[in-house]
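# A closer look at the structure
Each chain, letter by letter, is given below.
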Amino acid sequence: MSLLDSVRRPEYTGEGRCWPCTAVNAFVVVVAAGVLSVLSVPVGVLALGVGTALVYLRGYVVPGTPAFAPRLVASLGLQSLFPHADGEARRSDDLTDEEVDGEELIVVLLETGVLAEAPDGALELSAEFAESWEREMAALREWSDEELAEIVADAAPFEASGEHAYGGLSIEGPTRAVWLSRVHGIADAAAIRALAAAGVPERYRAYATTPLRMFVETCPDCGGDVVETTRSDCCGGSGSVYDSPIDEVLACEDCGAVVYRFDETVDDESASEEEGGPQSV
Ligand SMILES: [Zn+2]
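Small disclaimer: the values here were computed from a predicted structure and weren't measured.

## A closer look at the overall build of the chain
Across its full length, the chain holds eleven helices and eight strands. Scored against the burial criterion, the 281 residues of the chain give a buried share of 43%. In the chain, the share of contacts with a sequence separation of at least 24, taken over all contacts with a separation of at least 6, comes to 63%. Only carbon and sulfur atoms are counted for the fraction: they give 57% of the accessible area of the chain, which is about 14300 Å².

Structure follows, in structure tokens:
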């Protein structure tokens, strides 16, 4: 490991870089360098150089930045200055309408041949369902965001219309409004179609989409390989991510889209209650 590698913090740079954290730190570095250069110009210049390099390599230089910078930016009302290239910082919802018992769901998915038991006893997608779902995803990824939003709204278990908004899909109806990333929209609408074709009763379909995403191996959006990784998400909309900015996720190696979060099913109810607000209704 080189010296540079030991300084580098890949979880806060590149894909994982949080722009509010970077901006707050760049501001602190510039102010500090300005103050120091009043005392000594070379020291000020040195501070500017070292500070900038650290923000570049490590994502931030002020200790504890991920805990306060996103809140600071939010409290100043500046979040809109930091649109995310892929829209993934906004947490994607799911299309569920009513609660379904988890064990009951597994029985239904086994009976309809969506899930199969592997030789070691673990559950996996049946080859038929995996193929059918994959085919639906490949068809849906051809559509533009606007068209896809309408398709997802049609597939939703509640009355809704869809439009392209905030870098993803806004699905809104009189009883429920959700926001989905493009990759979730493709995966979930395709799953609902494939579940219907497999004979899964309607009330289970939307509820099954989130756990099914755990089994995705091919990126719904670009067809790349989906791998287990971590993702820094400290400027996302939910309060809880400030406490643990690194999430375990399944994400696409090619486009970086997050397909599944491992905290998604465990914590679903408390997470959706905490989120609230206009961002994630
Ligand atoms: Zn991808």
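## A closer look at the coordination of the zinc ion
Angles at a metal have ideal values that depend on geometry: 109.5 degrees with four tetrahedral donors, 90 or 180 degrees with six octahedral donors. Taken together, the protein ligands of the zinc ion are Cys219 (SG), Cys222 (SG), Cys252 (SG) and Cys255 (SG), with distances of 2.3 Å. Given four donor atoms and angles of 102 to 119° at the metal, the environment of the zinc ion is assigned as tetrahedral. Sequence positions of the donors to the zinc ion reduce to the motif C-x2-C-x29-C-x2-C. Here Cys219 is found in the loop between helix 9 (202–212) and strand 6 (226–232), whereas its partner Cys252 is found in strand 7 (residues 246–252), with 33 residues between them in sequence.

## Brief notes about the nonpolar core
Formed by 47 residues in total, the largest nonpolar core has its most connected members in Trp133, Ile171 and Leu212. With nine residues, helix 8 (residues 182–197) is the single largest residue contributor to this core. Cys18, Cys21, Val24 and Val73 belong to the second largest nonpolar core, which has five residues in total.

## Regarding the packing of aromatic side chains
Overall, the coordinates contain two aromatic pairs when judged by the stated rule. With centroids separated by 5.9 Å and ring planes inclined at 40°, the aromatic side chains of Phe129 and Trp133 adopt a geometry described as tilted. With a gap of four residues between them, Phe129 and Trp133 both fall in helix 6 (residues 127–140), about one helical turn apart. Accessibility assignment for this pair places Phe129 and Trp133 in one class, buried.

## Structural notes on the sheet that holds strand 4 (residues 168–172)
With respect to topology, three strands assemble into an open sheet ordered 3-4-5, the strand pairing being antiparallel. Each of the sheet's edge strands pairs with one partner strand only, and the pair in question is strand 3 (161–165) and strand 5 (177–180). Shown here is a sheet whose adjacent strand axes are inclined to one another by a mean of 20°, direction ignored. Direction of pairing for strand 3 relative to strand 4: antiparallel, over a ladder of five bridges.

## Structural notes on helix 8
Because an α-helix completes one turn every 3.6 residues, residues spaced three or four positions apart along the sequence face the same direction. The end-to-end C-alpha distance of helix 8, which contains 16 residues, comes to 23 Å, matching closely the 22 Å that a straight helix rising 1.5 Å per residue would cover. Counted residue by residue, helix 8 has 13 buried out of 16 residues, so it is predominantly covered. Once helix 8 ends, the next one or two residues include Gly199, with phi positive near 90°.

## What to know about the UniProt feature "transmembrane region" (unreviewed entry) in the chain
Residues given the UniProt feature "transmembrane region" (unreviewed entry) here are residues 26–57. Span residues 26–57 is 97% helix and 0% strand, its end C-alpha atoms 13 Å apart.

## Quick word on helix 6
With 14 residues, helix 6 extends 20 Å from end C-alpha to end C-alpha; this agrees with the ideal 20 Å at 1.5 Å per step. Buried positions along helix 6 lie against strand 2 (123–125), helix 7 (145–155), helix 8 and helix 9.

## Regarding the packing of helix 7 against helix 8
Contact geometry for helix 7 and helix 8: axes closest at 9 Å, N-to-C directions at 40°. Taken as axis vectors, helix 7 and helix 8 run oblique relative to one another. Here the hand of the crossing between helix 7 and helix 8 comes out left-handed. Along the contact surface, helix 7 presents Asp145, Leu148, Ile151, Val152 and Ala155, while helix 8 presents Arg182, Gly185, Ile186, Ala189, Ile192 and Arg193. Tallied by class, residues from the contact of helix 7 with helix 8 come to seven nonpolar, one polar and three charged.

## Section: the pattern of salt bridges
Opposite charge on two side chains permits them to pair, given that their charged atoms come into close proximity. Inspection of the entire model under this criterion finds nine salt bridges. One salt bridge connects Arg203 with Glu104, and the closest N-O pair in it is separated by 3.3 Å. Of this pair, Arg203 sits in helix 9 while Glu104 sits in helix 5 (residues 102–111); the two residues are 99 residues apart in sequence, bridging distant segments of the chain. A relative accessible area of 38% places Arg203 in the partly exposed class. Two residues, Glu131 and Arg135, come together in a salt bridge whose shortest N-O distance is 3.4 Å. A residue pair is termed a helical-turn pair when its members lie 3 or 4 positions apart in one helix, as Glu131 and Arg135 do in helix 6 at four residues. Side by side, Glu131 and Arg135 carry an identical accessibility label, which is exposed. It is possible to trace a salt-bridge network through shared partners that takes in Asp145, Arg182 and Asp221.

The rules behind these values
Residues numbered from 1 in each chain as written. Predicted model: local features only at pLDDT ≥ 70, side-chain atom pairs only at ≥ 80, totals over all residues. Heavy atoms only, no water. Helix = DSSP H or I, 4+ residues; strand = E, 2+ residues; numbered from the N terminus. Buried < 20%, exposed > 50% of the residue type's maximum accessible area, 1.4 Å probe, protein only. Contact = heavy atoms within 4.5 Å. Areas by Shrake-Rupley, 256 points an atom, 1.4 Å probe, with all protein chains shown as cover. Donors = N, O, S within 2.8 Å, 3.2 Å for Na, K, Ca; no water. Tetrahedral: all angles 85-135°; square planar, octahedral: opposite > 155°, others 65-115°. Core = buried A, V, L, I, M, F, W, Y, C linked by side-chain atoms within 4.5 Å. Phe/Tyr/Trp six-rings, centres within 6.5 Å; stacked < 30°, edge-to-face > 60°. Pairing = 2+ DSSP bridges. Axes fitted to C-alpha atoms, helices over the stretch in contact; angles between N-to-C directions. Expected span 1.5 Å × (residues − 1). UniProt positions renumbered as here; feature names shortened; annotations may be inferred. Parallel < 35°, antiparallel > 145°, perpendicular 65-115°, else oblique. Left-handed = near helix turned anticlockwise from the far one by under 90°. Nonpolar A, V, L, I, M, F, W, Y, C, P; charged D, E, K, R; others polar. Salt bridge = Lys/Arg side-chain N within 4 Å of Asp/Glu carboxyl O.

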